[in-house]
Structures are given as structure tokens and as C-alpha cells.
Amino acid sequence: APCYSSDDISERSGIVVSLWNMSSGGQGNRANVVVTGPSLVVNTPLEFWHEKTLLLGMNVFRDKEDCTSADQCDLKRELYLGSMQYDGRVAGWPGAKLNIRLLRSAHIYTRTPGQTLWDVFGAVGGAYGLIVSLVGVLVHCFERHESKVTERMSASASRNEPRPPQRQAIPVGADLTAAHPEDE
């Protein structure tokens, strides 16, 4: 059954527990109202003139998005104590009053399958940072390798060491005998 409640104390909704004819003195001027549920036990002390409100919240645990009933997925509901507030004095009669209301909205938690390390990096923005760092390391390694090769070449040129033979490009269809006349 649908249930509407509000945490606005001026709006009359939820459950009202009224304790009538409480004595104004001695042992009969105090009562404890116990609210129990599968995951909740709240003991609320009331004096003969108290008006209090219990605001109960609800946690909803589910294993699929957009699931609204236990027929559609594994859905569990748990109540928790949102707050207990003193509303003031009961006026006009010797008794106590306890309002029990639900908070305006529930906390909904959706359980998802286990995450991989890449999912975790992606969720916190680490994947982008990891990729940028990896590319930066690769570029740095290539630059160091290139600078070492350049240093070796300039060092061998300064010592007048012979350079390794250079390859020559020969155009396709060129006359090879004209390039080497001494071979004839």
C-alpha cells in the first residue's frame, strides 16, 4: 500500500501514538514507546506533557537500476532513525503524544558486479591521467634515445672517425652500368 509521510511537523501525516490519562506525578508520569522493525529498535521516553516526533529514514538496496519492486530484482528495505525531536507540550489533556513519520526521500543503493582495476581508474579520472603519463614517459624515452645517438655521431665526427657507408637511393629504371663504368 502506498504510504505518504512528511517530516514537516506542522503537517499531520504518519502515525500518531497518543497516551491518554497519564498521571502528573509519581511513577505514572513517564512511558517508553518502543518502535521495532527488522533492522531497527527505538526506545522513546515520554513524560506526561511531551509531544515528540520520530523521523524514520529508509535505505533501499537493490541489484539493478530502475528496479522498484522485489519481483523485478533483489530489493531490500531497511528503516533507520533519522532523528528524534521534541515538538513541545501537549496542551489541554494529561498525556503524551508521539508522531512517527518517514523522511521525505529514501537513500537508494544499487549493488553492481565487481569492478576491475581499469573501472576504478576510470571512475576516479585516473585512466586519463595514466594514459597521459604513459605517453609522456614514451616520448621522454624516445627523446633520450635520439639525443644519445646524436651525441655518438657528433663525437665520432669530432674524432675524424670514418662514417659508416651511406645507402644510396637508385631510381627505378635507371641504367646501373652508367653508375659504375669501371665494372665493364
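These numbers were taken from a predicted model, which means no experiment stands behind them. Residue numbers restart at each chain and count upward from 1, following the sequence in its written direction. Predicted model: local features are reported for residues with pLDDT of at least 70 only, side-chain atom pairs are reported and counted for 80 or more only, and whole-chain, interface and lining totals are derived from all residues. Note: side-chain values were computed over all heavy atoms of the structure, leaving out hydrogens and water.

### A word on the overall build of the chain
- Each helix is a run of H or I in the DSSP string that is no shorter than four residues. Each strand is a run of E no shorter than two, and both are numbered from the N terminus. A count of helical and extended segments in the chain gives three helices and seven strands.
- Walking the chain from its N terminus toward its C terminus, one meets helices and strands in the order β-β-β-β-β-β-β-α-α-α.
- For the chain, the residues scored as buried account for 21% of the 184 residues in total.
- Any two residues whose heavy atoms approach within 4.5 Å at even a single point are treated as in contact. A fraction of 64% describes how many contacts in the chain between residues 6 or more apart in sequence connect residues 24 or more apart.
- Every accessible area reported is derived by Shrake-Rupley at a probe size of 1.4 Å, with residue values counting cover from the shown protein chains alone. Carbon and sulfur atoms make up 57% of the accessible area of the chain, which totals about 14,000 Å². Summary of the burial criterion: residues with accessible area below 20% of their type's maximum are buried, those above 50% are exposed, and those between are partly exposed, where the area comes from a 1.4 Å probe applied to protein chains only.

### Comments concerning unusual backbone geometry
- Positive phi outside glycine occurs at Asp66, with the angle close to 60°.
- Take Asp66: it is sitting in the loop between strand E4 (50-62) and strand E5 (75-89).
- According to the relative accessible area criterion, Asp66 is exposed, its value standing at 67%.

### Describing the nonpolar core
- Take the buried residues of types Ala, Val, Leu, Ile, Met, Phe, Trp, Tyr and Cys, join any two whose side-chain atoms come within 4.5 Å, and each joined set is a nonpolar core. Membership of the largest hydrophobic core comes to 13 residues, with the highest contact counts inside it found for Met22, Val35, Val42, Leu46, Leu54, Leu98 and Ile100.
- Contact partners of Leu98, with chain neighbours within four places excluded, come to Ile15, Val16, Val17, Val33, Thr44, Leu46, Lys52, Thr53 and Leu54.

### Some details on the packing of aromatic side chains
- Under the pairing criterion, centres of Phe, Tyr and Trp rings, with the six-membered ring standing for Trp, must be within 6.5 Å; the plane angle then separates stacked pairs below 30 degrees from edge-to-face pairs above 60, leaving the rest tilted. As enumerated under the stated definition, the model contains two aromatic pairs in all.
- Between Trp49 and Tyr86, the ring centres sit 6.0 Å apart and the planes meet at 85°, which makes this aromatic pair edge-to-face. Remark: Tyr86 occurs in strand E5 and Trp49 occurs in the loop between strand E3 (40-47) and E4; sequence separation between them is 37 residues.
- Residue Trp49 is classed as partly exposed on the basis of its relative accessible area, which comes to 24%.
- Owing to a relative accessible area of 43%, Tyr86 belongs among the partly exposed residues under this scheme.
- With a centroid separation of 5.3 Å and an interplanar angle of 20°, the aromatic rings of Phe61 and Tyr109 are classed as stacked. Residue Phe61 is located in strand E4, and its partner Tyr109 is located in strand E7 (residues 107-110); the two are separated by 48 residues in the primary sequence.

### Observations regarding a nonpolar patch on the surface
- Excluding any residue in a salt bridge, patches collect residues exceeding 30% relative accessible area, merging like charges within 9 Å and nonpolar Val, Leu, Ile, Met, Phe, Trp and Tyr side chains within 5 Å. Any carboxyl oxygen of Asp or Glu that lies within 4 Å of a side-chain nitrogen of Lys or Arg is treated as forming a salt bridge with it. On the surface, a cluster of nonpolar side chains totalling about 260 Å² of accessible area is made up of Ile131, Val135 and Val139.
- With respect to the helices, strands and loops of the structure, Val139 is situated in helix H2 (residues 126-158).
- Its relative accessible area of 41% is what places Val139 among the partly exposed residues.

### Description of the environment of Ala106
- Residue position: Ala106 is located in the loop between strand E6 (96-102) and E7.
- With 46 residues separating them along the chain, Ala106 and Val60 place their C-alpha atoms 6.9 Å apart.

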